[in-house]
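Remarks on the overall topology
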Amino acid sequence: MSRAGLLLAVAAALAAVASGCGFGPGDAAEGQVELRVTREFGAVPMVTATLEDPTESDTVARVLDANADIETSYGGNFVDSIDGYSGSAAGGGAEDWFFFVNGYFSDVGAGEARVRPGDRIWWDYRYWSAAYRVPAVVGSWPEPFLHGYDGERPATIVECLTDREPCARVVAALAAEGVEPRLVASRRPVPHPDELRVLVGPWRTLRSDPTARQIEDGPGASGVYATFERCDGGFALTPADDHGRPAERLAGAGLIAAVRDGEEQPTWVVTGTREAAVGDAAAALGSDALRDRYAVAVSGAEASALPAATGAGSGTESCR
């Protein structure tokens, strides 16, 4: 390249830097990103922070690095440690860091996952022996219903497979967050792979849906630390602890959880062992019950985090 050509190239590069094109942080988008860092399936809070008006260069790793002391590997794409807590890759144990964006388990590394206005980023340090991959969680409510995985609001359908009242409660909870779901009443669940589904009904009906039925195969299959089991002619909900060990069977309990089949949109279930328990679960839908929780078991007016506390039961108690 001639001297004149070199000077022109340098001038063009400087102009690009000045304009923000190709270099620097890039254009900012108006809005807020929320970061939450916890341990033990959300039970122990560590960091809460926000980022205003994220730029095109902001990633999950960059947001975390600005608010916590971290160690990374693989060119900054993999987070080994946050505020002194090291994952199993660094420490050789059975605990590690996992992150979700708007309730979706990320399928790319933290250094590649771009953030957008409205995103809720959740890092959690947990045991992974029972379920290494948890495809979807409920703990970032009202996400993913507002911004989905890529910043675009997904279409939402509420499938009503029970009495009208629980379904109306679910629709009202979504509407309060600015979501306008499509309500469909049916006898059996119907696949809608491109829509976020909320299945509302007793487990005996919901279990005909292949995605929802993953719950019966345990945490390793569904990512939900609870199962439904046959009990006294019906079904009982059996919560599991953080190692996947069953606790006491509950014949009158509800469940709020999210499951996912491959790359399809998540399917949320608002369900229970009987119709009354479905109503209890629907009434619990909201931030107070769901915040920083992988899934929730509901008994009457009480919502309990899943996994269940260690030693909550032997798994061999009679149904109640």
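Residues numbered from 1 in each chain as written. Predicted model: local features only at pLDDT ≥ 70, side-chain atom pairs only at ≥ 80, totals over all residues. Heavy atoms only, no water.

Some thoughts on the pairing of strand E10 (residues 182–185)
As paired elements, strand E9 (residues 156–160) and E10 share four bridges and run parallel to each other. Looking at the pairing, Cys160 lines up with Ala185 of E10. Handedness of the crossover is the feature at issue here: the chain leaves E9, passes through helix H4 (residues 164–176), returns alongside E10, and the resulting connection is right-handed. (Pairing = 2+ DSSP bridges. Helix = DSSP H or I, 4+ residues; strand = E, 2+ residues; numbered from the N terminus. Right-handed = clockwise from strand over helix to strand, strands pointing away.)

Section: the packing of H4 against helix H7 (residues 275–283)
Packing of H4 against H7 leaves a shortest axis separation of 9 Å and a crossing angle of 15°. If you check the angle between H4 and H7, you find them roughly parallel. The two elements H4 and H7 cross, and the hand of that crossing is left-handed. In contact with Pro166, Arg169 and Val170 of H4, H7 contributes Val278, Gly279, Ala282 and Ala283. Classifying every residue of the contact of H4 with H7 gives five nonpolar, one polar and one charged. (Axes fitted to C-alpha atoms, helices over the stretch in contact; angles between N-to-C directions. Parallel < 35°, antiparallel > 145°, perpendicular 65-115°, else oblique. Left-handed = near helix turned anticlockwise from the far one by under 90°. Contact = heavy atoms within 4.5 Å. Nonpolar A, V, L, I, M, F, W, Y, C, P; charged D, E, K, R; others polar.)

Re H4
Its 13 residues give H4 an end-to-end C-alpha distance of 18 Å, which sits within 8% of 18 Å, the value for a rise of 1.5 Å per residue. Along H4, the residues that are buried comprise Pro166, Cys167, Val170, Ala173 and Leu174. In an axial view of H4, the angular spread of the buried residues amounts to 120°, which keeps them on one side of the axis. For H4, exposure combined with an orientation more than 90 degrees from the buried face picks out Arg164, Glu165 and Ala176. Once H4 ends, the next one or two residues include Gly178, with phi positive near 90°. (Expected span 1.5 Å × (residues − 1). Buried < 20%, exposed > 50% of the residue type's maximum accessible area, 1.4 Å probe, protein only. Arc of directions from axis to C-beta.)

A look at the sheet that holds strand E3 (residues 70–73)
Within a sheet, each strand pairs with its neighbour through backbone hydrogen bonds, oriented either parallel or antiparallel. Read from one edge of the open sheet, three strands run E3-E4-E5, paired in antiparallel fashion. In this open sheet, the two strands that pair with only one neighbour each are E3 and strand E5 (85–86). Here strand E4 (residues 78–82) pairs with E5 via two bridges, running antiparallel. Looking at E5, one finds that Ile82 is bridged to Tyr85.

Considering the nonpolar core
Of all hydrophobic cores here, the largest spans 31 residues; its most connected members are Ile215 and Leu255. Elements supplying a minimum of two residues to this core: strand E6 (95–101), helix H5 (203–206), strand E12 (226–231), strand E13 (234–239), strand E14 (254–259) and strand E16 (295–299). If one sorts the elements of this core by residue count, E14 sits on top with three residues. Residues contacting Leu255, with those up to four places away along its chain left out, are Ile215, Phe228, Leu237, Val269, Val270, Thr271, Ala281, Val296 and Leu306. (Core = buried A, V, L, I, M, F, W, Y, C linked by side-chain atoms within 4.5 Å.)

Observations regarding the state of the cysteines
Counted by the stated rule, this structure contains one disulfide. In this model Cys160 forms its disulfide with Cys167; the gap between the sulfur atoms is 2.0 Å. The disulfide joining Cys160 to Cys167 has a torsion of about 85° about its S-S bond and is therefore right-handed. For the pair formed by Cys160 and Cys167, the shared burial category is buried. (Disulfide = S-S within 2.5 Å.)

Topic: a negative patch on the surface
On the surface, Asp65, Asp69, Glu71 and Asp83 cluster together into a patch of negative charge. As for its position among the elements, Asp65 is in helix H2 (residues 60–65). (Patch = residues over 30% accessible without salt bridge, like charges linked within 9 Å, V, L, I, M, F, W, Y side chains within 5 Å. Areas by Shrake-Rupley, 256 points an atom, 1.4 Å probe, with all protein chains shown as cover. Salt bridge = Lys/Arg side-chain N within 4 Å of Asp/Glu carboxyl O. Lys, Arg positive; Asp, Glu negative; His and termini not counted. Charge placed at Lys NZ, Arg CZ, Asp CG, Glu CD.)

Brief notes about the pattern of salt bridges
Applying the stated rule across the entire model yields eleven salt bridges. Between Glu195 and Arg182 there is a salt bridge, with its nearest N and O atoms 3.1 Å apart. Of this pair, Glu195 sits in the loop between E10 and strand E11 (196–202) while Arg182 sits in strand E10, and the two are 13 residues apart along the sequence. Residue Glu195 is classed as buried on the basis of its relative accessible area, which comes to 17%. Arg182 sits in the partly exposed class, given a relative accessible area of 42%.

Details of the environment of Asn102
Mapped onto the elements, Asn102 comes out in the loop between E6 and strand E7 (104–105). Here Asn102 falls in the buried class, since its relative accessible area comes to 0%. Each C-alpha atom, one on Asn102 and one on Asp150, is 9.3 Å from the other, the two residues being 48 residues apart in sequence. Leaving out residues up to four positions away in the same chain, Asn102 has contacts with Gly118, Asp119, Arg120, Ser140, Glu143, Pro144, His147 and Gly148. For Asn102, the side chain forms a polar contact with the side chain of Asp119, separated by 3.0 Å. Polar side-chain contacts of Asn102 include one of 2.7 Å to the backbone oxygen of Gly148. (Polar contact = N/O pair within 3.5 Å; in protein donor to acceptor, adjacent residues only side chain to side chain.)

A closer look at H7
What H7 keeps buried is the set Ala277, Val278, Gly279, Ala281 and Ala282. At its buried positions, H7 is contacted by H4, E11, E14, strand E15 (267–272) and E16.

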